[in-house]
Structures are given as structure tokens and as C-alpha cells.
Amino acid sequence: MAFKVEIDSFGNFRDNENRVITLRGINLAADSKLPASPSTPSHVSENFFDGDNVSFVGRPFPLNEADVHLARIKSWGFNVIRYIYTWEALEHAGPGKYDDEFIQSTIAFLRKIKDCGFYVFMDPHQDVWSRFSGGSGAPMWTLYAAGLDPKAFAQTEAAVVQNTWPDPATFPRMTWATNYDRLACLTIFTMFWAGKDFAPKCIIDGQNIQDYLQCHFIDAIKYFAQQVYEGGDLGDDFILGWESINEPFRGFLGNRNLTVYPEYQKLQKYTSPTPFQAILLGAGRTLDIAVYDFGFLGAYKVGTQVVNVDGYSAWLPKDYDDSRYGWKRSPEWKLGECVWAQHGVWDPEMDSILRPDYFLDAPDGTRLDGESWAETYFIDHWNKFADTIRSVRPETMLFCQTPVLAVPPNFVELGALRSRMVFTPHFYDGLTLIRKHWSRFWNIDVIGVLRGKYWSPVFALRFGETSIRNCLRDQLKTLKYEGVESFGIGVPCLMSEIGIPYDMNEKKAYVDGDYTAQIRALDANIFALEGAKLHHTYWVYASWNSHKWGDHWNGEDLSLWSPSDVKHRISGSQYSYSLAPSDSSLMAGKQYSFSDESQITDTVGSRAIEAFSRPFPLVTVGVPQEYGFDINNAVFTMELYADEEVASKLVPSEIHVPDFHYPNGDLQVEVSSGRWELDRPNQILRWWHDGGKQTIKIIGIRGGQTMKSEKNSYGEFCAVCS
């Protein structure tokens, strides 16, 4: 793989033989959100607030365990890794204090990944800003720099954090995401994007808080990138590029009226303050706050709850010692007072709102409603980030992640387009993710609702599994086509996060071993990815996943592999699948053992592998027009239009053909032209074919014959083999 991947004028990745590359891989790893020393998963309170004295050395897992994990991921046929790191991992000790030990350990880890034959792109991950505001990403000191007191977040609900929850095991599922609409995130994201316009009094070390935060964030990544490339062996043939900040959030920007829920706030679970109520709670007021749950058509109110009974303030006290981090705050910025009161948004004497639309317009009159905030403030940050990365590595790709599920800004019109760019949106089936339940009977066209396609959400409902699968596919197509409109046809689209929860139905599969729902949900998502012809990286791999704590982060449980499942799947000294009882299968209760131990390495502990370990094109002599895997019959089909010039070089198209679905090379292949051969050790089918329109069909004997004798479909076999 000693060549630089190119992007052609139609947005296709190309290798050195001018073949089209399809990128398919995984996020590595959820573990990287959290420190390794002291180990602080989100359900542990001990040492939580000692955020300066942590280390991420050993993330995503110990280097001496890397070979096993990477070999497993490689066996699934994946060819790209979205490598997760956090700003906190780089600069946790204080402003400008970089953790060189972590950086060197990461470089060693990247070399391991390179040796395994993966491509990589680098993700500066964040969720709801920081671990200390309920997520991951930024160092703790950034919250102190913003004048906030993270130790008071629990009482004020400026953030709802599992580490400080009285009983972490009862932390309400998916509540972490509601922190985007609580005071800490609303405040610090507003400062990060637009502090100069909306918090001009917030000056620290002679800089507005906007420049202070953005410069430290970008400078930390620049320093990291410089160290990564310094050795000379981690080049563009391996590290494809660098992604912009994960899941950028608007903060208060564009809010029409702080006293009501903004129209763009779609997730409400647990307590749900309006923006002004969040401000009042942070200022020490005791309020009765509405409580919501998430149901059939979205959020609905279930009651109220009194919050901040003891009148805590989420702002640093006036006697806070700023010398801790060595910065100097402007005298105009008064600690002990709400920063938004200091800027005239509300009156703390009367507890009344003065400017409910304070964040609606930029000082130059630009209306920030809808997604227009991104056209101004996100684009400004993107340009700084892109220029900085290119100053370190001029030819590296720039992976651009715009606000989640929003229509991207028009990069062409805004002059923000760069060469060798990749658009990296995210998508989750929200109903399945939040409710932790896969319904074959109904779902909803979320993108259609967000785009105003329907007069009422009722009209966005889809009934029946076929309709649901098609709806997921069409939503992904919409996101892809919106990218073309915003970036142009020459910018590829890679879905850098998509996945499903495995702890569905109150963790039923962990009791009876029946992963049918997970297989169907994941297969539906991958059907959508195939239908939209999207490059993608699944969320996620977590080496320390467990049935009790999931990915060890806020109750999420999306890892494709789990040590807990290894323990459940190995019976004595013999590797076997324990088939759970199922009304749909005559094989319920039987066990199927595999003689090939290498296959067990790939499968045991892998969850819903029936869905994600499937055939797909690695490189093709021409552009795939359509491709997909029929899990019910173990049949892969692909149509491509082959380049005559490339085909004449006698180089093959290569397709990953997993042992799981085609054990012992048991398959039939139908091709429109040429010849093929199976490289079974590497699970690759190579196909030499002519130019022009070409087709291939790969049929699993196991699916086509073995299961017929049992009077069951291959899909039913898969459903009980998980």
C-alpha cells in the first residue's frame, strides 16, 4: 500500500492502478473517549474531577493486545479505521501542556495499524463538549476558562453526568445527549464559535474566549500532526487525512426566543429546561422543570421535577483562584455572575428576560436561524482548521463533518472548498437508538421531517420491514446528494458513524443468546448504505465492552465485539455457537461447531456478524453502479461499468468474501465475462473481466443448499447463529 490514494473528478477514491476503492471500516475505539490511567469509565465517580492528572496512554487498548484486536477487525474485511483521539488526551494538564507520552504511544499504535494493511483517518472526537459535561472531548480546564464550575453541574443540571449520578446503573438511557441543550454546552459552544460577537467581555490572556478555545484546540491538533509525520513512515499512503471536530453543535446560536424550546431541539428526555430556564438554574434559581420521555412520534411530557433545591451556581465563585492554570482574565469578566447576565441577556434582580432573541442575529445583521449559523461561524472555524492541517501536510485529505443531520453549508459559494476533501456525515436510526428496540413494523422518515417534507410527522411513518429498509436507504441517499449540492460532485461522501445498540429489549439477547433483532436492524442499515453506495465506518469497536456496562460510556452499547459474548459463546474447550430458541427456526437449540479455528477468532464475541461481515467490493476496475448482499439467501450481486483502459492492464476487481457466509470456499460464481479466483486465506475473490458493463453474482452453497434441506431460509439460520 505504498501509494497515495487519489480522488478523481467524480468523487471516487482511486488506487495506483486507477481502480476504484470502496472504504468500509470501523471507529477505533470507544475506549479512547476515556482515560486509561486512572481508568475512569463514565459510571465511576472516583478521581473523576482530577481531570488534569490523567493519561490516555493505553488507549484504545494496550499496545501488546493490538495484534489480536486488529487481526479480528481485518478478518471482517474492513479496510479503513476512523481513529479516535480527544483534545483532552493531548492537552489535559493545562493550556499548552501537551502529553508527549500519549502522542508517542499513539504513533506506535498507528504503526501497528499500518502493518495490518488499513487506511486511517484521524477524528478529534467530542460529545457534548467534554467528559465533565457528560460526554468526551475537551480538557476540564476549558470549562474553567469559560467561567463554569463543573463540580456544580449535578446540582444545577448544567450537565447531567453519569459519573456524578447517585446510582450510575440507573442513569437514564440516552440522557447524555440532552446535555447539548443544557447550560454548560449551550454556553461553551457559543463561546467557541462566536464568543467575539456574543460574549465580548470574556477576555482571557488578551484573547476573546472564542480565539482562546479555538486556537488551543487547533494548535493541539497541529502539534499532534507534526509529531505523527516527523518519523517519515506514516505518510499519505496510510493516513488518508484529518477530520474536523466531531458533531459540531450550535450552542445558543440562532435561538429565536430563549423562553421556549427551539424548533431544532428534537431530543427531550428526562428533565428538559428551556434555554432561559437553563440559564436561571445555572444562576442558582430553584425551578420546576418539565420531564419528558421519547415515544412513538417523538418526545412527550410525563411530569415535572424540582431542580437545584439548594440554590447552587454553575458559575465559578468570585474568589476562584485563576492562577491554577496561569491565565489572566479581564476585569470586565466578573466571576461569580452569570456571563449572560453580564451581557444584558437577562436581569438577575428581577429574573426576567431582557433580550430573548439575543442570539438570533450576528452583529452585522446576519440572521442565524435554521442552519445559517454554520455558514458564518462553522465555516470560519473550518477554514482555520483546514489551513492549519495543510500547513503541516499539504496533500493530506481533509475530512469535513458538518452539523449532524443538517443541510451542509454551500462550501463552493462560501469559498471554503478545498482540494482532496471528503464529506463525513453521521446517521443513526434514531427510534432504534433511543428506544433500544428494533421494530420490523414501523419507523419514521426523520430526514424528511427535518427537511419539512411532511405537514405532520404522521405522514412520515413507514410500515413494514421492506418500507422501513427503503426509507433508511432513501434518507442516506438524501444526505449524500445534499453533500454533492454543497461540495460538488468531486467530493466523496463517507458516513463516518452509523450503528445500532446491541442491548435492545432490556438486554434480552444477553440472556437467551437470540440476536435476531440486532441482525435485522444492522442488516437494514447496511442495506441502506449499499443502496446509497456510501463509504462508511461503523460505530464502534470497544475492547472493554461488557453486558453490564456496554461500551463503558453513558450506557451506550454499540460495539460490534464484546468480551462478554466471547465468554457466552465458548462451551468448554470446543468452539461453538449456542443457538437460542426461536419460533422461526427448526434448528433452535442445536449447536454448530467449526473445525477451522481461525474462523472462530473472527466470529466468537462478534455481535450480529451475520449482518456486518458480508461481501463488498474492495477495489474495482471501474465504478460500481449497484451492489448488495441478500442475507436471506447468501447472495452477493454487483454491477459495475469497467474502464476499458484499466481492464486492458489485466488487473482484477477484488471483492471481500467472508468465511462466515462462505466457509471452506463453498460458493458459486456467475460472471458476465472473464475469470475469477478465490484467495481464501485473505477472503478475497479476484475477478479479471472486460471493459464496459459487467456483472457478478456470488452464491453461498451453505445458503443455497444446506438450509434448504432443513426447510429454513439461510437468513433464519443467521438469525439464530448470533
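Only a predicted model underlies this, so the values are computations on that prediction, with no experimental measurement involved.

Trainee: I'm lost on the packing of aromatic side chains in this one. Help?
Mentor: Each aromatic ring pair is described using two quantities: the centre-to-centre distance and the angle formed by the ring planes. Overall, the coordinates contain 53 aromatic pairs when judged by the stated rule. Aromatic pair Phe189 and Phe249: ring centres 5.7 Å apart, planes at 85°, arrangement edge-to-face. In this pair, Phe189 sits in helix H6 (residues 183–198) while Phe249 sits in the loop between strand S9 (239–243) and strand S10 (270–271), placing the two residues 60 residues apart along the sequence. For the pair Phe189 and Phe249, a shared accessibility class is recorded, and that class is buried. Centre to centre, the rings of Trp340 and Phe359 are 5.1 Å apart; their planes meet at 85°, and the pair counts as edge-to-face. On the criterion of sequence distance, the pair formed by Trp340 in helix H9 (residues 339–342) and Phe359 in the loop between strand S14 (352–353) and helix H10 (372–392) is long-range, its members being 19 residues apart.

Trainee: How should the confidence of the model for the chain be read in this particular structure?
Mentor: Any region with low pLDDT has predicted coordinates that should not be read closely. When pLDDT is averaged along the chain, the result is 92, and 92% of the positions lie at 70 or above. Contacts for the low-pLDDT stretch residues 570–600, under 50 throughout, to residues beyond four places or in other chains number 63 contacts. Low pLDDT, under 50, characterises residues 703–712; the predicted model gives this stretch 19 contacts beyond four residues in sequence or across chains.

Trainee: What is the right way to read the nonpolar core from this model?
Mentor: Burial of nonpolar side chains together is a common tendency in soluble globular proteins. Ranked by size, the top nonpolar core spans 197 residues in total, and within it Ile113, Trp242 and Trp340 carry the most contacts. Ignoring anything within four residues of it in the chain, the contact list for Trp340 reads Thr187, Thr190, Phe198, Ala199, Phe252, Ile279, Trp315, Val345, Trp346, Tyr358 and Phe359.

Trainee: Would you mind going over helix H15 (residues 516–532) with me for this structure?
Mentor: Owing to its 3.6 residues per turn, the α-helix aligns residues three or four sequence positions apart on the same side. Over its 17 residues, H15 runs 24 Å from end to end, which matches the ideal 24 Å to within 8%, given 1.5 Å per residue. Positioned one or two residues after H15, Lys533 has a phi angle of 50°, which is positive.

Trainee: I keep staring at the layout of surface pockets and nothing clicks. Help me out?
Mentor: Take a probe with the size of a water molecule and roll it over the atoms, and the empty space left behind shows itself. The computed volume of the largest pocket comes to approximately 1500 Å³. Along the wall of the largest pocket there are 46 residues; nearest its centre are Lys266, Leu267, Val404, Leu405 and Leu450. Of all the elements in the fold, those that place two or more residues in the lining of the largest pocket are strand S12 (298–307), helix H11 (430–435) and helix H12 (446–450). It is H11 that provides the largest number of residues to the lining of the largest pocket, a total of 4 residues. Class assignment for the residues of the lining of the largest pocket results in 30 nonpolar, 5 polar and 11 charged.

Reading the values: rules and limits
- Residues numbered from 1 in each chain as written.
- Predicted model: local features only at pLDDT ≥ 70, side-chain atom pairs only at ≥ 80, totals over all residues.
- Heavy atoms only, no water.
- Phe/Tyr/Trp six-rings, centres within 6.5 Å; stacked < 30°, edge-to-face > 60°.
- Helix = DSSP H or I, 4+ residues; strand = E, 2+ residues; numbered from the N terminus.
- Buried < 20%, exposed > 50% of the residue type's maximum accessible area, 1.4 Å probe, protein only.
- pLDDT = per-residue confidence, 0-100.
- Contact = heavy atoms within 4.5 Å.
- Core = buried A, V, L, I, M, F, W, Y, C linked by side-chain atoms within 4.5 Å.
- Expected span 1.5 Å × (residues − 1).
- 1 Å grid on protein atoms, 1.4 Å probe; cavity = no way out; pocket = protein on both sides within 12 Å on 5 of 7 lines; lining within 4 Å.
- Points joined across faces, edges and corners; volume = space filled by probe spheres on them.
- Nonpolar A, V, L, I, M, F, W, Y, C, P; charged D, E, K, R; others polar.

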